[in-house]
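# A closer look at the structure
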Amino acid sequence: MKPIVPAERTKNVQYAIRDLAVAAGELKSQGVSDILYLNIGDPNVYDFVTPAHMIDAVDKAMRENKNGYVDSLGIAEAREALEKEYRGRGVRADMERILVTAGVSEGLELALASLVNSGENFLTPAPGYPLYTAVLNKLGVKPRLYMTSEENGWQPDLQNIKTKIDKNTRGILINNPNNPTGAVYPDKTLLEILDIAREKNLLIFADEIYNKILFNGGKHTPIASLASETPLLTFGGLSKNYLVPGWRIGWMAFTGPEKTIGDYREAVYRLARARLCAPGPFQYAIKPALEGPQDHIREMNAKLQKRSDLVVERLNAMKGVHVTKPMGAFYVFPGIDAPISDDKGFVLDALGKEHVLVVHGTGFDWPKDEKTHIRIVTLPKEEILEGAMGRLEKRMQELYPE
Amino acid sequence: MNKIIPAERANKVTYAIRDVVVEAKKLKDKGMKILNLNIGDPNVYDFVTPPHLIEAVQKAMAKNLNGYADSAGIEEAREAVAKEAARDGIKGVTKNDVLMSTGVSEGIELALNALLNPGDNVLTPTPGYPVYTAVVNKLGAVLNQYKTDEANGWQPDIEDIRKKINNKTKGIILINPNNPTGALYSKKTLDEIVSLAREHNLVIFSDEIYNKILFDGEKHHSTATLADDVPVLTFNGLSKNYIVPGWRVGWMIFSGPAETISDYKDTVFRLARSRLCSPGPFQFAVKPALEGPQHHIKEMNDKLQKRRDLIYKRFNEIDGFSCAKPKGAFYAFPKIEIPSVKDDRKFIMDILYKKQILAVFGTGFGYAHPDHFRIVFLPPMNVLEESLNKLEEYVKENYSK
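Residues numbered from 1 in each chain as written. Chains lettered and ligands numbered in written order. Predicted model: local features only at pLDDT ≥ 70, side-chain atom pairs only at ≥ 80, totals over all residues.

## As for the overall build of chain A
Counting its regular elements, chain A contains 12 helices and 15 strands. Taken against the 2.2 N^0.38 rule, which gives 21 Å for 402 residues, the C-alpha radius of gyration of chain A at 21 Å falls within 12% of a compact globule. In terms of its C-alpha atoms, chain A occupies a principal-axis envelope of roughly 65 × 60 × 50 Å. The proportion of buried residues among the 402 residues of chain A is 57%. Long-range pairs, those at least 24 residues apart, make up 75% of the contacts in chain A between residues at least 6 apart in sequence. (Helix = DSSP H or I, 4+ residues; strand = E, 2+ residues; numbered from the N terminus. Rg over C-alpha atoms; globule rule 2.2 N^0.38 Å. Buried ≥ 20, exposed ≤ 12 C-beta atoms within 10 Å, placed from the backbone. Contact = placed C-beta atoms within 7 Å.)

## Details of the sheet that holds strand S8 (residues 232-237) of chain B
All names here are of chain B. Read from one edge of the open sheet, eight strands run S2-S9-S8-S7-S6-S3-S4-S5, paired in mixed fashion. If you trace the sheet from one side to the other, it starts and ends with strand S2 (98-102) and strand S5 (155-156), each paired once. Sheet topology places strand S3 (residues 121-126) next to strand S6 (residues 169-175); three bridges connect them, and they run parallel. Residue valine 122 lies in a different strand from S6, and its bridge partner there is glycine 171. (Pairing = 2+ DSSP bridges.)

## Let's talk about the domain arrangement of chain B
Residue and element names in this part refer to chain B. Entries for chain B in the domain assignment read domain 1 (8-48 + 295-399) and domain 2 (66-291). The C-alpha centroid of domain 2 is placed 26 Å from the C-alpha centroid of domain 1. Taken together, the 34 residues of domain 1 in the interface contact 33 residues of domain 2. Contributing elements (two or more residues each) for the side of domain 1 that touches domain 2: helix H2 (16-29), helix H12 (295-317) and strand S11 (331-332). Of the residues forming the side of domain 1 that touches domain 2, the biggest block, six residues, is contributed by H12. When grouped by side-chain class, the residues that make up the side of domain 1 that touches domain 2 number 20 nonpolar, eight polar and six charged. (Domains from an automatic or database assignment. Nonpolar A, V, L, I, M, F, W, Y, C, P; charged D, E, K, R; others polar.)

## Brief notes about the nonpolar core
In terms of nonpolar packing, the biggest core is built from 265 residues, with A:Val58, A:Leu112, A:Ile204, B:Val57, B:Ala111, B:Ile204 and B:Ala285 touching the most fellow members. In terms of residue count, helix H8 (residues 258-274) of chain A provides more of this core than any other element does, eight residues in total. Beyond its immediate sequence surroundings of up to four residues, A:Val58 is in contact with A:Pro281, A:Phe282, A:Tyr284, A:Ala285 and B:Met61. (Core = buried A, V, L, I, M, F, W, Y, C linked by C-beta atoms within 7 Å.)

Right, dumping it as structure tokens:
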């Protein structure tokens, strides 16, 4: 039989963060045991522990035989808790406008599949979380990137956004707090994005998965709290704030006038029904997570403050490297002045020679012709970060031998 | 701002099974008691998840295994699935040929997304589980439905399949044991389908999610065991056999010659990386499920066989219905033999409003004629008896000669 030929649209589907893990896996299988992993944004891999009361809630649900299919929108108690949480933050979304999904990954896929026809476009940020363009490519929609500006604290470049909009542009995504830069957007930025969206009829997707992970004085405003009359999708989840990325629990809230957003929301719900439901038992952890003790967040943010300070200081001290101070999430996105033509090659080199694993900027849709950047995760303990900084210093010394 | 218009592909997506629930909810909200014969969820009835599965998940969470898992699934789960495949007679499968997915629903989407270009088609059975047509529509591919033959125990109609294959056909989907008919495919049928696949370069997608739910001592044949020179994706999961549909634990097994499937397999795994992973903690229940105690399966099948016997007998006795005998899974697909009933959807709404029985209309499963409906025989005997009596009343009250 002839070889099976994969579909065309899959050629462009990449996910650098995980693709590098394959290279690290090969090194490990060759006996290398001292790799320092600064590549995956997974707190559970480091010294962060899932709050026990959430695990108890899931245990209880399973023992009560709540192991069957649940409502396609998500269990009522979870959506009620989310309605309350959003109301407390100035966002009016009643529970019928909230959908629970298998991670924000699934949510984005449902939302984009229900919105964008091929031939149309949807704006996503550069640098940005690569899942956005992966999903667009999966749908056969060509990604269209808008720049965020390093000189301006990695805020969206509004002039650049305006040049990217045409009559086929359906919407724009902002990720705040930001992966990979750690930026947190002030209200002014959010209001300007709302203005552009209103003027150009764009649906805003706000990925706010890191919204409680804040330090260095960072304050997060949900964009939906600034405009109830502009249609908006706000995405969030338990993964990062509540230390359970492996559970795949996310959600989206639809806000805006019913006559503008109602049909679209029903389309998303139709697609949601066709995949039945998100995993049931974990949804019983949403209410206890949102309404129970929040101490672990304070502790996490205190740790991250120290760790990001360490990393920022060490990086800025390296010749040819400079990094913006993050205010949220757990990443930094340093720039390297040396002329590196292949940032992935640079990263694989650092992995092979120094056994330190970071992720190349082009893996975050950072344009090739811009200065090289890499993403470093600031989750590991100080000792590991110190060790990693030392190894990166060695790499930089090779780039700038004196 | 202008109204947001949904994408074309979203307009074509329907899912009858959940869509009727919306109607029933209106009655429930008024306080009426509904006899639910619509959803294939054992947990809603008197079936309990085996405790050792729950313990395995509890243990994983307590050990803080709550982070992202490998995109292909955790190693011990994939190894357990590979071992089970070998026990079933599928040759040459290692853990590297297994991908864990968030239910078979997600698995099918990944597999078809990796294969179908717009304008391509994949053969899907009618009647058949509606997720397949929903995914084909979502991908902008073309529906190409093949008949299954009620007179022949709902086996796939091989001649019809042969007629429907064209140069844009990339694969064929089998659901065995079958939802919604309860058919169990004979070795002869499967051999013929394998031949067609070989002749026309088709990938076989064999959905075997109900493969341990069997009656009358019948044996299930896993398609991939019949030919190792044809590419087969075998789908299965914990949902039905192990009574945890809400956990969304599924998997797919790639078999066939390496040079035929390797690019395609790599693509599916690459698409899987871009959605990160399937829920981690539940994957720790796969090995205990497949290798631990299996007695709940015999208990489940003993219960279900009695319930199957009841509905098969009664549907063939009641004037106005007939029904083929289900051999596996927990569904029956009776025929409405009332001449003046010409619309299965209206029939379903009528029995819902007049007798508070909730079933699903046959055309919702892609069946070409509006004269069948699907019921589940998961409920206990007394609920099934009550439902059958009410259906008999309904026919007498509305269609007496």
